[in-house]
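# Structure at a glance
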Amino acid sequence: MQTKTLFSSLLTVVFLAGFTGCKPSTDSSDTPGAARYTIGMSQCNLGEPWRVQMNADVKAAADQHPELKVIFKDAQNDTLKQRAHVEEFVSAKVDLILISPKEAAPLTEPVAKAMAAGIPVIVLDRALLGDQFTCFIGADNVKIGRAAGEWIRQTLGGKGKVVELKGLMTSVPGQDRHQGFRQGIAGSQIEIIFEADMKWLEPEARKEMESALARFDQIDLVYAHNDPGAHGAYLAAQATAREKQMKFVGIDALPHEGVAYVKKGILDATFQYPTGGAEAVATALKILRGESVPKKIVLGSRVFDKANVEQGGRELP
Ligand code: FRU
């Protein structure tokens, strides 16, 4: 009986916390009241180091501007939750929304509604459908995928058996990194013997790689659409003592993740995918001050491999 009472009070607490929305938000401003503009930042998840870095970059840039207050919401990789977060920002009448959406199609409509309500929206990293947003900021994923394909083609001498572990294919970076990669290897004798959607997640990549290893005796290289994916594949190969028989290539190149893996010899190459956090805050300030901004801001990228990692990588042309 007592357990039941405790359980129902707990439920009430959880319900109220959810209802008041007190948990998922964190506030970047230490001096509430000083800020002139409130920015709502909707992050699709904080389970991946790259997204933690993006929020840290947004916070560091916003902290330089006392007139800005940023409210962060983490959708925990749940599209419906992220839709609700955008709607909450609209109801709260924030001055501007930053969003790094999980998936393109389901988040297009709530962002369009925010725009219709007169709230400017900056979309970061993963694109939406159509043009109902103020500005998109991100690197060119087709170009990065193509550069990865060309690097792989050159490193393998134009032939070999490759596994492709794809990012979430309902997100635009996954589609673009796939398309660019196929362009980069087109006309070579590189064969994609196995491909799977690992949804950007290291444990999924590891699981898919276990299937690939079970099916194929020879794998020359794994191309994963992000570094957690490449690392998951490496761990699967290492568990069967086959990691030295193949190369691993990823994307993101965070200093403490992908670049560190290249330095340690775990990955053979990683391609930088900048978070755009600082650029987002600079662009937000312009919009809030009534200045015009471009519809699209394309960020550059670098490749880090064994030959150049100690020199800080090489910029992609
Ligand atoms: C993090 C992440 C990154 C990747 C980006 C693509 O969620 O998977 O690893 O580069 O998203 O949107």
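Residues numbered from 1 in each chain as written. Predicted model: local features only at pLDDT ≥ 70, side-chain atom pairs only at ≥ 80, totals over all residues. Heavy atoms only, no water.

### Re the nonpolar core
The nonpolar side chains of a soluble globular protein tend to be buried with one another. Here is the rule we go by: Side-chain atoms within 4.5 Å link the members of a nonpolar core, which is a set of buried Ala, Val, Leu, Ile, Met, Phe, Trp, Tyr and Cys residues. Only protein chains enter the area calculation, which uses a 1.4 Å probe; residues under 20% of their type maximum are buried, those over 50% are exposed, and those in between are partly exposed. Start and end positions for the domains come from either an automated domain assignment or a database one.
Core analysis: the biggest nonpolar cluster contains 46 residues, and Ile152, Tyr223 and Phe271 have the highest contact counts within it. Residues from two domains meet in this core; each of domain 1 (2–133) and domain 2 (141–274 + 305–315) gives at least three. In this structure, Val222, Ala233, Ala253 and Ile266 belong to the second largest nonpolar core, which totals 29 residues.

### Describing the site of the ligand
Test applied: Throughout this document, a residue counts as near a molecule or strand when at least one of its heavy atoms sits within 4 Å of that molecule or strand. Definition of a polar contact: a pair of N or O atoms within 3.5 Å, with one able to donate and the other able to accept a hydrogen when the atoms are protein atoms, and with sequence-neighbouring residues admitted only if both atoms are side-chain atoms. In this text, helices come from DSSP runs of H or I with a minimum length of four residues, and strands from runs of E with a minimum of two, each type numbered from the N-terminal end. In this count, Pro and Cys sit with the nonpolar residues alongside Ala, Val, Leu, Ile, Met, Phe, Trp and Tyr, while Asp, Glu, Lys and Arg are called charged and the others, Gly among them, polar.
Taken together, the neighbourhood of the ligand is formed by Asn45, Glu48, Trp50, Arg51, Asp125, Arg126, Pro173, Arg177, Trp200, Asn226, Asp252 and Tyr273. Within the side chain of aspartate 125, an N or O atom sits 2.7 Å from an oxygen atom of the ligand. Between the ligand and asparagine 226, the relevant distance is 3.0 Å, taken from an oxygen atom to a side-chain nitrogen or oxygen of the residue. For the shell around the ligand, the elements supplying multiple residues, two or more each, are α2 (49–63) and α6 (172–185). Taken together, the residues of the shell around the ligand sort by class into four nonpolar, two polar and six charged. In terms of domain composition, the shell around the ligand takes at least three residues from each of domain 1 (2–133) and domain 2 (141–274 + 305–315).

### A short note on the packing of helix α7 (residues 202–215) against helix α8 (residues 227–239)
For clarity, the threshold we go by: Interaxial angle, 0 to 180 degrees, is taken between N-to-C directions of lines fitted to C-alpha atoms, where a helix line uses only the stretch in contact. An angle counts as roughly parallel when it lies under 35 degrees, as roughly antiparallel when it exceeds 145, as roughly perpendicular when it falls between 65 and 115, and as oblique in every other case. What makes a crossing left-handed is the near helix being turned counterclockwise from the far one by less than a right angle; a clockwise turn instead makes it right-handed. Pairs of residues are marked as contacts when any of their non-hydrogen atoms sit within 4.5 Å.
With their axes 7 Å apart at the nearest point, α7 and α8 run at an angle of 45° to one another. Taken together, α7 and α8 sit at an angle that is classed as oblique. Classified by chirality, the crossing of α8 by α7 is right-handed. On α8, the residues touching Glu202, Ala205, Arg206, Met209, Glu210 and Leu213 of α7 are Pro228, Gly229, His231, Gly232, Ala233, Leu235, Ala236, Ala237 and Ala239. Partitioning the contact of α7 with α8 into residue classes produces nine nonpolar, three polar and three charged.

### Quick word on the pattern of salt bridges
Rules: Salt bridges are defined as contacts in which a side-chain nitrogen from Lys or Arg sits within 4 Å of a carboxyl oxygen from Asp or Glu.
Within the structure shown, the criterion is met by 15 salt bridges. The partner of lysine 199 in a salt bridge is glutamate 204, and the shortest N-O contact between them spans 4.0 Å. Shared partners join several salt bridges into a network, and the residues in it are Glu164, Lys166, Arg182 and Glu195.

### Side note on unusual backbone geometry
Note: most residues except glycine have negative phi, and most peptide bonds are trans. Even without glycine at this site, alanine 241 takes up a positive phi of about 55°. Note on placement: alanine 241 falls in the loop between α8 and β10 (247–252).

### Observations regarding the sheet that holds strand β13 (residues 302–305)
For sheets, the rule is that strands pair by backbone hydrogen bonds, running either parallel or antiparallel. Just so we agree on the cut-off: Following DSSP output, two strands are said to pair if at least two bridges run between them.
Ordered by their spatial adjacency, seven strands build an open sheet running β8-β7-β9-β10-β11-β13-β14, and the pairing between neighbours is mixed. Because the sheet does not close on itself, it has two edges, and the strands there are β8 (189–197) and β14 (314–315). The sheet contact formed by β13 and β14 spans two bridges and is antiparallel. Its bridge partner being in β14, valine 303 is matched across the sheet by arginine 314.

### Brief notes about the environment of alanine 237
Tracing the chain through its elements places alanine 237 in helix α8. Contacts of alanine 237, omitting those with residues within four sequence positions, involve Leu213, Arg242, Glu243, Met246 and Phe248.

### Quick look at the pairing of strand β4 (residues 96–100)
To keep things clear, this is the line we draw: If the strands point away from the viewer and the path from the first strand over the helix to the second runs clockwise, then the crossover is right-handed.
Within β4, five of the five residues are buried, which leaves the element mostly enclosed by the surrounding structure. Residues Leu96, Leu98 and Ser100 point to one face of β4 and Ile97 and Ile99 to the other, with burial holding for every one of them. Note: strand β2 (residues 37–43) against β4, five bridges, orientation parallel. Bridged to methionine 41 within β4 is leucine 98. With three bridges connecting them, β4 and strand β5 (residues 121–124) associate as parallel partners. Bridging across to β5, isoleucine 97 finds its partner in valine 121. Note on the crossover from β4 through helix α4 (residues 104–116) to β5: the handedness is right-handed.

### Observations regarding the confidence of the model for the chain
Selection criterion: For every residue, the predictor reports its confidence as pLDDT, a number between 0 and 100.
A residue-level look at the chain finds 90% of positions with pLDDT of 70 or above and a mean pLDDT of 92. The model gives residues 1–25 a pLDDT under 50, and that stretch makes nine contacts with residues more than four places away or in other chains.

### Some details on helix α10 (residues 277–288)
We apply this condition: The span you would expect from a helix comes to 1.5 Å times its residue count less one.
The terminal C-alpha atoms of α10, which comprises twelve residues, lie 17 Å apart, in line with the 16 Å expected from a rise of 1.5 Å per residue. Residues Gly277, Ala280, Val281, Thr283, Ala284, Leu285, Ile287 and Leu288 constitute the buried set of α10. Trailing α10 by a residue or two, glycine 290 shows a phi angle of about 85°, which is positive.

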